[in-house]
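Overview (structure and organization)
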Amino acid sequence: MPDRMDAYFLAQLFTGPLFIAEQTGSSVTHTHSRNVVVLIQAIEQMPPLQKLLHDILQSCKLNPPQDTMIQSVESGTTWSWKQIQQTWNPAVLLLFGIMLNDLGQSTLSPYQPATIDQAHVLYADGLAALHEDKSRKKLLWQALKRIFF
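Below: a short report on this structure. Owing to the predicted nature of the structure, the values given are computational and were not obtained by experimental measurement. (Residues numbered from 1 in each chain as written. Predicted model: local features only at pLDDT ≥ 70, side-chain atom pairs only at ≥ 80, totals over all residues. Heavy atoms only, no water.)

1. Things to note about the nonpolar core
Basically, it comes down to this: Grouping buried Ala, Val, Leu, Ile, Met, Phe, Trp, Tyr and Cys residues that are joined through side-chain atoms within 4.5 Å yields what is termed a nonpolar core. Each residue is placed in one exposure class: buried if its accessible area under a 1.4 Å probe, protein chains only, is under 20% of its type's maximum, exposed if it is over 50%, and partly exposed if it falls in between. A run of H or I in DSSP becomes a helix once it reaches four residues, and a run of E becomes a strand once it reaches two; helices and strands are each numbered from the N terminus.
Ranked by internal contacts, the top residues of the largest apolar core, which has 24 residues, are V38, L94, F96, L127 and L140. Breaking this core down by element, the ones donating at least two residues are β1 (36-41), α2 (47-59), β3 (92-96), β5 (119-124), α5 (127-132) and α6 (134-148). In this structure, I84, I98, L108 and I116 belong to the second largest nonpolar core, which totals 19 residues.

2. With respect to the packing of aromatic side chains
Here is the rule: Only rings of Phe, Tyr and Trp enter the pairing, Trp through its six-membered ring, and a pair is recorded when the two centres are within 6.5 Å. The plane angle decides the type: under 30 degrees is stacked, over 60 is edge-to-face, the rest tilted.
For the structure on display, the rule yields 2 aromatic pairs. Centroid distance W79 to W88: 5.4 Å. Interplanar angle 25°. Geometry classified as stacked. This pair shows no difference in class: W79 is buried, exactly as W88 is.

3. Focus: the pattern of salt bridges
For clarity, the threshold we go by: We count a salt bridge whenever a side-chain nitrogen from Lys or Arg sits within 4 Å of a carboxyl oxygen from Asp or Glu.
All chains considered together, the criterion is met by 3 salt bridges. A salt bridge links D125 to R136, with the shortest nitrogen-to-oxygen separation between them at 3.6 Å. Note that D125 is positioned in the loop between β5 and α5 and R136 in helix α6, a separation of 11 residues in sequence. Under the relative-accessibility criterion, R136 is labelled partly exposed at 28%. Residues joined in a network through salt bridges with shared partners are D125, D133 and R136.

4. Let's talk about the environment of G97
Rule in force here: Contacts between residues were defined by any pair of non-hydrogen atoms, one from each residue, lying within 4.5 Å.
Mapping G97 onto the fold places it in the loop between β3 and β4 (114-116). G97 sits 53 residues away from E44 along the chain, and the two C-alpha atoms are 9.9 Å apart. Sequence-distant contacts of G97, that is, excluding residues within four places in its chain, are made with Q41, Y123, A124, D125 and G126.

The structure is reproduced here in C-alpha cells:
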C-alpha cells in the first residue's frame, strides 16, 4: 500500500475538508503567506473536528491550505518554542491542546494571547473540548480577534 492515498480516492470518502498532516519529526520548512502555524492533537484528526478547525481559521480570514501550516502532534511527542521557531519561524502560533515543553502556564494562559520573540502565541483547549463547549468557543474567538483584527 502506498504511503499516501490518492487525493481523488480520499475526496470520494470524505465530504468535508480533509487535512493531511506532515509526519512529526520532519525538518521540511514550509512557507505560507500569513505564516500561521497550528498544532493539534493527532487524535483529533476526525472530520467534525477538522471542520471546526477549518471554520475557526476561516473566521480569522485565513485560507487554511495557503496561509497555515497545520501540524498534528502524536500523544507523548513534545515540542518546544525553539524547535518551532527554527522550523517555521511563525508570525502566529495556535496551540490546540498542545503545551510547549519550554513554555509553562506562567507564559501561556489559556485563551490569553502572548507575544514571544515577536510572534503571537495562543494556547487553547483541544478541538474536542471546543467542539462541545460554546463558552470555550467564545473565549477562543475573543482571543483570536486580538491577534488577527
